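Structural overview
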Amino acid sequence: MSAEALEALYAALGTADQQPFIQGVLTDRGTTTEEAVMATLDGFDAGVTGTELRSVRGRLLGLHHRGIRHGCPRRR
């Protein structure tokens, strides 16, 4: 999530901004958000190939561009 999206999420939840804490942990560990996410995904094996992931991604993006969210067409 972007910093802006996280700020909105924290505000909606009525909690303090956690970004300074998260950044502190990343700095202490000498890593970045991207590196942490990639390391997590690298250890995740769901038995899905890269081709299958690209196919799912394409389908999801296609739904988004047609105004469909969560499998439901947008009401007009």
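Rules of the game
- Residues numbered from 1 in each chain as written.
- Predicted model: local features only at pLDDT ≥ 70, side-chain atom pairs only at ≥ 80, totals over all residues.
- Heavy atoms only, no water.
- Helix = DSSP H or I, 4+ residues; strand = E, 2+ residues; numbered from the N terminus.
- Buried < 20%, exposed > 50% of the residue type's maximum accessible area, 1.4 Å probe, protein only.
- Areas by Shrake-Rupley, 256 points an atom, 1.4 Å probe, with all protein chains shown as cover.
- pLDDT = per-residue confidence, 0-100.
- Contact = heavy atoms within 4.5 Å.

1. Topic: the overall build of the chain
- For the chain, the count of helices and strands is four helices and zero strands.
- Mapped in sequence order, the helices and strands of the chain form the string α-α-α-α.
- Taken over 76 residues, the chain has a buried fraction of 8%.
- About 6800 Å² of surface is accessible on the chain, with carbon and sulfur atoms providing 59% of the total.

2. Brief notes about the confidence of the model for the chain
- Overall, the prediction assigns the chain a mean pLDDT of 75, with 75% of residues at 70 or greater.
- Of all secondary-structure elements in the chain, the lowest mean pLDDT belongs to helix 4 (residues 50-65), at 72, while helix 2 (residues 19-28) reaches the highest, 92.
- Note that pLDDT drops below 50 for residues 68-76; the model gives that stretch seven contacts with residues more than four away or on any other chain.

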